[in-house]
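# Architecture at a glance
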Amino acid sequence: MVKIIFRRLFSFLLIVAFIASIFVYPNWYKRQVNKVRGMYYVAQGDKYLRKQNFQKAIYNYQYGLKLYPEHYGAWFNLGNIFVAYEDYYSAVDAYGEAIKHNPNYVLARMNYGIISVEKLGNFDEAIEQYNKIIGIRRKLVYIPFVFNNLTSYKTNIGLAYYNRGVAYRQKSTYLDQDWENEQIYLQEAIKSYKEAVKILKKDYDARYNLALAYHLNKDYNLAGLTYCEAIKLEPMSYEAHYNLAVLLNHLKYYKEALSEMYKATTLISNNVGDTNRQRYVFDVMNDVTRKIMLDENGMKYLREEFEKGHDTTAEITYVNGKLVATDDLDRAMLKNFQTCASKDIFLREDN
């Protein structure tokens, strides 16, 4: 009996203490209620976002964030929606709020930087965000077959270096500034790309942009060798072939330039809707061809290249009256595009 009375008394005191705490700390309880309500509206926003009903998603996110402004995930999603609507200033504001409430939110910092560079031309803001990502130190966890955050952490760092390189290169190119500053920013871009390449070892874009930065900096040997590395990674992307051809043309290796230009034109011809770029590439190839024709052995070289390009002995078959390449021919073509025949030029000491 005494135990029952004691338990009832204890429960009564707990209820009284709870009611008293409401009067003593009303703001705290109000925040908790608002947090629960805010989470509900954020969940509704997530639902409409999955359905791509952006207007209702925005309404629910904004109402939920009024109640619970610390929800950084909602700010991030709101920023992505603003990007879809091309409202880039609102997007970076939303990403900024996400970062404010979670300073280690890598994706928000990455998106903030990309939009700042590509859409707003705010290079310094972007570089600051990438530096923050590079400076984040996470506790690495590796449990075989269960969990491993090492790969994603390193990839994020590599992407931050790569994007920082893009920001510095564009800053060196687009801003109205003196030559000395242009060189400083270009050197910073090269440093960033080199760090990115160390981490993103099989990434074509990092390698190609490092080559382009070397090219702009007139480090022609390093540019040529790095273009060759990019071509080895993605032989069917025309940009590295084309820029290597431009570089070889500048160095007056016209035959080698034409070989790479053939590959670039073959690849870009398959790009639908890129007419202006196709026309420009063909114009450059015609210019290289004219230079070769001025050489005494040039016409002989062109005839040989034409015969190579129209080799009737290649293994081909016909299916329903259409020419179809065999697997052997596919492999031969891939090997041809992957081979950087001009690589030795950039390894010569006299260059």
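This is a predicted model, so every value here is computed, not measured. (Residues numbered from 1 in each chain as written. Predicted model: local features only at pLDDT ≥ 70, side-chain atom pairs only at ≥ 80, totals over all residues. Heavy atoms only, no water.)

### What to know about the overall build of the protein chain
The secondary structure content of the protein chain amounts to 17 helices and 4 strands. Counting over 351 residues, the protein chain shows a buried share of 39%. With an accessible surface of roughly 22100 Å², the protein chain has 55% of that area assigned to carbon and sulfur atoms. (Helix = DSSP H or I, 4+ residues; strand = E, 2+ residues; numbered from the N terminus. Buried < 20%, exposed > 50% of the residue type's maximum accessible area, 1.4 Å probe, protein only. Areas by Shrake-Rupley, 256 points an atom, 1.4 Å probe, with all protein chains shown as cover.)

### Regarding unusual backbone geometry
Backbone geometry places E86, a non-glycine residue, at a positive phi of 60°. Residue placement: E86 occurs in the loop between α4 (72-84) and α5 (88-101).

### Some points on the packing of helix α6 (residues 106-118) against helix α7 (residues 123-135)
The relative placement of two packed helices comes down to the angle between their axes together with the axis-to-axis distance. One can describe the packing of α6 onto α7 by two numbers: an axis separation of 8 Å at closest approach and a directional angle of 155°. Our classification of the angle between α6 and α7 gives roughly antiparallel. By crossing handedness, the relation of α6 to α7 is classed as left-handed. On α7, the residues touching V106, R109, M110, Y112, G113, I114, S116 and V117 of α6 are F123, E125, A126, Q129, Y130, K132 and I133. Across the contact of α6 with α7, the residue classes break down as 9 nonpolar, 3 polar and 3 charged. (Axes fitted to C-alpha atoms, helices over the stretch in contact; angles between N-to-C directions. Parallel < 35°, antiparallel > 145°, perpendicular 65-115°, else oblique. Left-handed = near helix turned anticlockwise from the far one by under 90°. Contact = heavy atoms within 4.5 Å. Nonpolar A, V, L, I, M, F, W, Y, C, P; charged D, E, K, R; others polar.)

### Describing the nonpolar core
Residues Y193, Y208, Y227, A240, L244 and L248 are the most contacted members of the largest nonpolar core, which totals 47 residues. Residue assignment for this core shows that the elements contributing at least two residues are α6, α7, α8 (150-174), α9 (179-199), α10 (204-216), α11 (220-233), α12 (238-250) and α17 (343-347). Once residues within four sequence positions are removed from consideration, L244 is found in contact with G224, Y227, C228, I231, E260, C340, S342 and F346. Of all hydrophobic cores here, the second largest spans 23 residues; its members include W75, I81, F82 and Y105. (Core = buried A, V, L, I, M, F, W, Y, C linked by side-chain atoms within 4.5 Å.)

### A look at the side chain of H215
In this structure, H215 sits in helix α10. Using a relative accessible area of 17% as the deciding quantity, one classes H215 as buried. When sequence neighbours within four positions are dropped, the list of residues in contact with H215 reads Y220, A223, Y227, N243, V246 and L247.

### Some details on the environment of P69
Along the chain, the position of P69 falls in the loop between α3 (54-67) and α4. Considering only alpha carbons, one finds P69 and G38, 31 residues apart in sequence, at a separation of 8.3 Å. Once residues lying within four places of it in the same chain are set aside, the contact partners of P69 are W75 and H101.

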